[in-house]
2 protein chains.
Amino acid sequence: MKALVTTVPFGAEDQTPLKILEKGGVEYLVNPLNKKLTEEELMELVSDVDIIIAGTEPITRNVLARANKLKLISRVGIGLDSVDLLEARKRNVKVCYTPDAPAPAVAELTIGLMISLLRRVQISNLRMHRQQWHRYFGRRLSECTVGVIGAGRIGVGVIKHLSGFGCKILVNDIAPENSACESDAIEWQDKESIYRQADIITFHLPLTQDTKHLVTKKELEMMRHDAVVINTSRGGIIVESDLFDVMSSGHINGAAIDVFEQEPYTGPLSKLENCLLTAHMGSMSVDCRARMEIEATQEAVRFFSGEPLIREVPEEEYIVQEKSL
Amino acid sequence: MKALVTTVPFGAEDQTPLKILEKGGVEYLVNPLNKKLTEEELMELVSDVDIIIAGTEPITRNVLARANKLKLISRVGIGLDSVDLLEARKRNVKVCYTPDAPAPAVAELTIGLMISLLRRVQISNLRMHRQQWHRYFGRRLSECTVGVIGAGRIGVGVIKHLSGFGCKILVNDIAPENSACESDAIEWQDKESIYRQADIITFHLPLTQDTKHLVTKKELEMMRHDAVVINTSRGGIIVESDLFDVMSSGHINGAAIDVFEQEPYTGPLSKLENCLLTAHMGSMSVDCRARMEIEATQEAVRFFSGEPLIREVPEEEYIVQEKSL
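Treat the numbers as computed from the prediction; the structure is a model and nothing was measured. (Residues numbered from 1 in each chain as written. Chains lettered and ligands numbered in written order. Predicted model: local features only at pLDDT ≥ 70, side-chain atom pairs only at ≥ 80, totals over all residues. Heavy atoms only, no water.)

## Examining unusual backbone geometry
Each neighbour pair has its own omega, and for E263 of chain A with P264 of chain A the value is -5°, a cis peptide bond. With respect to the secondary-structure elements, P264 of chain A resides in the loop between β11 (254-257) and β12 (275-277). Residues V8 of chain B and P9 of chain B are joined by a peptide bond in cis, for which omega reads -10°. Its identity is not glycine, yet H280 of chain A carries a phi of approximately 45°, on the positive side. With respect to the helices and strands, H280 of chain A occurs in the loop between β12 and α11 (286-304). (Helix = DSSP H or I, 4+ residues; strand = E, 2+ residues; numbered from the N terminus.)

## Regarding the interface of chain B and chain A
In many analyses, interface size is given as the accessible surface area lost on bringing the parts together. Contact with chain B, which involves 64 residues of that partner, is made by 64 residues of chain A. For the pair chain B and chain A, the two sides together bury roughly 5500 Å², of which 61% comes from carbon and sulfur. A per-residue breakdown of the area chain B buries against chain A is headed by W133, R135 and F137 of chain B, which together make up 15% of the total. Summed over the shared surface of chain B and chain A, the number is two salt bridges. (Contact = heavy atoms within 4.5 Å. Buried area = accessible area lost by both parts, 1.4 Å probe. Salt bridge = Lys/Arg side-chain N within 4 Å of Asp/Glu carboxyl O.)

## Some words on the relation of the copies chain B and chain A
Superposing chain B onto chain A takes a rotation of 180° plus a shift of 0.0 Å along the axis, which leaves an RMSD of 0.0 Å. Both copies of the chain, as the preceding transformation shows, are related through a two-fold rotation axis. Mapped onto chain A, 100% of the interface residues of chain B are again interface residues, and the two copies thus contact each other with one and the same surface. (Least-squares fit on C-alpha atoms with pLDDT ≥ 70 in both.)

## Overview of the packing of helix α5 (residues 103-119) of chain A against helix α7 (residues 153-162) of chain A
Residue and element names in this part refer to chain A. Two elements in contact, α5 and α7, have axes whose closest approach is 8 Å; the angle formed by their N-to-C orientations is 50°. Classified by the angle between their axes, α5 and α7 sit oblique to one another. Judged by the twist between their axes, the crossing of α5 over α7 is right-handed. Where α5 approaches α7, its residues A103, V106, A107, E108, T110, I111 and M114 are matched on the opposing element by R153, I154, G157, V158, H161 and L162. Considered class by class, the residues forming the contact of α5 with α7 number eight nonpolar, three polar and two charged. (Axes fitted to C-alpha atoms, helices over the stretch in contact; angles between N-to-C directions. Parallel < 35°, antiparallel > 145°, perpendicular 65-115°, else oblique. Left-handed = near helix turned anticlockwise from the far one by under 90°. Nonpolar A, V, L, I, M, F, W, Y, C, P; charged D, E, K, R; others polar.)

## Considering the confidence of the model for chain A
Residues with a pLDDT of 70 or more make up 100% of chain A, whose mean pLDDT is 96. Complex prediction metrics read pTM 0.95 and ipTM 0.94. (pLDDT = per-residue confidence, 0-100.)

## A short note on the side chain of T145 of chain B
Its place among the elements puts T145 of chain B in strand β6 (residues 145-149). Residues contacting T145 of chain B, with those up to four places away along its chain left out, are K168, L170, Q197, A198, D199 and I200 of chain B.

## Observations concerning the sheet that holds strand β4 (residues 72-75) of chain B
All names here are of chain B. Overall, parallel pairing links the five strands, which are arranged β2-β1-β3-β4-β5 in an open sheet. Two strands in the sheet have a free side with no partner beyond their single neighbour: β2 (27-30) and β5 (94-96). Going across the sheet, the axis of each strand differs from the next one's by a mean of 15°, ignoring polarity. Relative to β4, strand β3 (residues 51-54) runs parallel, the two sharing four bridges. Residue pairing for β4: I51 is matched across the bridge by L72. Running at roughly 160° to β4, helix α11 (residues 286-304) makes contact with β3, β4 and β5 of the sheet. (Pairing = 2+ DSSP bridges.)

## Digging into α11 of chain A
For α11 of chain A, with 19 residues, the first-to-last C-alpha span of 27 Å sits near the 27 Å given by 1.5 Å per residue. Buried residues dominate α11 of chain A, accounting for 14 of its 19 residues. (Expected span 1.5 Å × (residues − 1). Buried < 20%, exposed > 50% of the residue type's maximum accessible area, 1.4 Å probe, protein only.)

## Quick look at the pairing of β11 of chain A
Residues and elements named next belong to chain A. Residues of β11 alternate between two faces, with G254 and A256 on one and A255 and I257 on the opposite face, all of them buried. In this fold, the crossover linking strand β10 (residues 228-231) to β11 by way of helix α10 (residues 240-248) has right-handed handedness. In this sheet, β12 lies alongside β11 in parallel orientation, the contact comprising three bridges. Bridge pairing in β12 links A256 to L276. (Right-handed = clockwise from strand over helix to strand, strands pointing away.)

Here is the structure:
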């Protein structure tokens with residue numbers, strides 16, 4: 001059996017995933033372009049592979065049509081927006097993922113981004129590196145109302161970290177009854193109320209037909225003039241050009257964006273000093289990234305050895321994609 | 001009575017301090033140079049003032065000799081390293097300060113700086129604004145050992161915020177028995193052990209003869225190769241040129257420096273990408289800064305009205321300065 005590892009980086013800080021594949025007897029090729037692959041690039045590489053150990057590159061109907069031998073997609077990460085699940089099922093390709101591994105790293109980064117935005121840390125740092133001294137005013141997290149849109153694994157982690165600050169937390173989720181959110185400090189509210197009230201609005205959603213372009217000019221303009229917005233979930237949740245326009249008009253105090261519709265991102269948000277940009281680094285702590293790669297390669301080896309998979313994508317995820325047809 | 005307000009900014013986001021002085025009938029002049037004054041600049045301004053509402057500019061023996069009418073120094077902030085307390089006492093000048101007001105803002109900023117350093121947020125942001133995409137690896141706070149040097153108001157605040165992350169915390173203070181530090185997650189240790197073990201080392205100390213140049217090349221080289229260092233207390237605690245040399249040699253993964261021996265700072269640390277620099281913004285949240293200015297101006301008005309002061313500098317602070325003679 002042959003595996004194609006498309007995710008990058010892979011085995012970079014911790015070589016365990018490579019050893020797992022070798023010890024498991026799985027022959028593998030690592031992404032030769034060392035960047036997120038396009039649909040076309042991926043199509044060129046898949047014709048003879050049995051397993052894809054996948055990042056967020058598009059595993060579309062076209063890719064699957066070309067991958068005649070494919071039997072397993074093992075996603076390094078949680079989001080499934082990049083995988084055509086229904087087409088995979090039709091072609092008898094199993095799909096597994098690592099839904100718990102990235103959450104702690106994303107939740108922590110989100111807290112850091114909140115404080116950086118509130119205190120204009122990145123603006124002061126840019127200026128100080130140009131020998132410009134200005135003491136910026138900021139706000140304290142403890143004094144803020146934080147809006148958490150999406151209370152899954154990551155949103156709940158964010159809420160847990162906020163417990164050491166004592167801020168007011170407003171939460172929205174499509175299924176609050178399923179959330180592991182137990183803090184007394186939270187209040188469930190509808191999204192619009194959160195947009196209108198919160199000082200900080202942070203998104204922790206999967207990208208689906210329902211969440212795609214959830215935040216347009218309209219929603220951004222509902223927000224407080226001095227609100228800050230954070231997206232560490234998926235590009236496509238916030239319409240990037242609308243965010244650029246609204247921020248250019250002076251509305252909204254700052255944004256921290258880690259995820260983009262097109263990655264690598266080189267778009268106009270990089271012209272805005274109050275837009276804090278990072279390169280899809282939410283899950284990129286050494287420990288979480290290693291756990292993601294280890295879980296995904298272990299699953300590949302299990303499949304290769306004929307053992308049952310333990311992190312197969314649940315039925316709900318297929319239903320979400322079915323609904324969006 | 002005439003007051004000179006030397007601290008900058010003053011009454012910038014919240015005008016209450018100006019109103020307090022006006023309502024209290026205190027005539028005042030605000031720092032005409034709108035920057036931190038040097039000893040010489042201050043000497044030019046003090047000859048006819050009764051009260052100084054002071055920032056961190058040097059109120060030295062020379063300044064006090066020129067300030068013949070001076071009766072009160074009301075410090076906006078906590079540090080007293082800039083005031084010659086013994087000379088003030090000799091000349092019958094009372095000194096008061098605002099020791100509680102800045103702490104919450106400094107403690108929060110410190111947490112933000114920790115996460116930014118661990119995840120290389122500021123480096124990615126700099127690069128993204130130049131259209132360069134690179135997914136940096138980082139570490140998680142929850143996985144780190146955090147060394148807190150100084151467990152006063154600010155250090156204790158930092159420890160409280162860390163409670164939502166579950167990291168291991170090592171603490172040092174000259175008087176642990178006086179600290180309000182009650183967390184079960186902490187371990188008291190000597191400074192050298194902390195330097196050798198901690199992933200993150202953060203300083204929350206007053207600048208005194210005992211803490212000046214506490215951290216030299218020797219202490220920096222004791223630290224782990226991948227340690228990160230944070231100073232939001234006072235410039236002068238870490239020898240800046242030693243930090244520059246050690247970081248230039250590749251030892252230490254990153255530093256976040258908010259305070260400098262000479263402010264405004266334009267020195268060589270600004271050449272290091274992994275040195276996150278901010279412009280003495282620790283206390284600069286709108287709420288804490290307002291509280292500092294309000295408390296300091298209320299004290300001036302009390303003095304003017306012949307009421308007793310409520311935040312006079314305690315005897316220990318005089319003893320600290322006496323010891324260093």
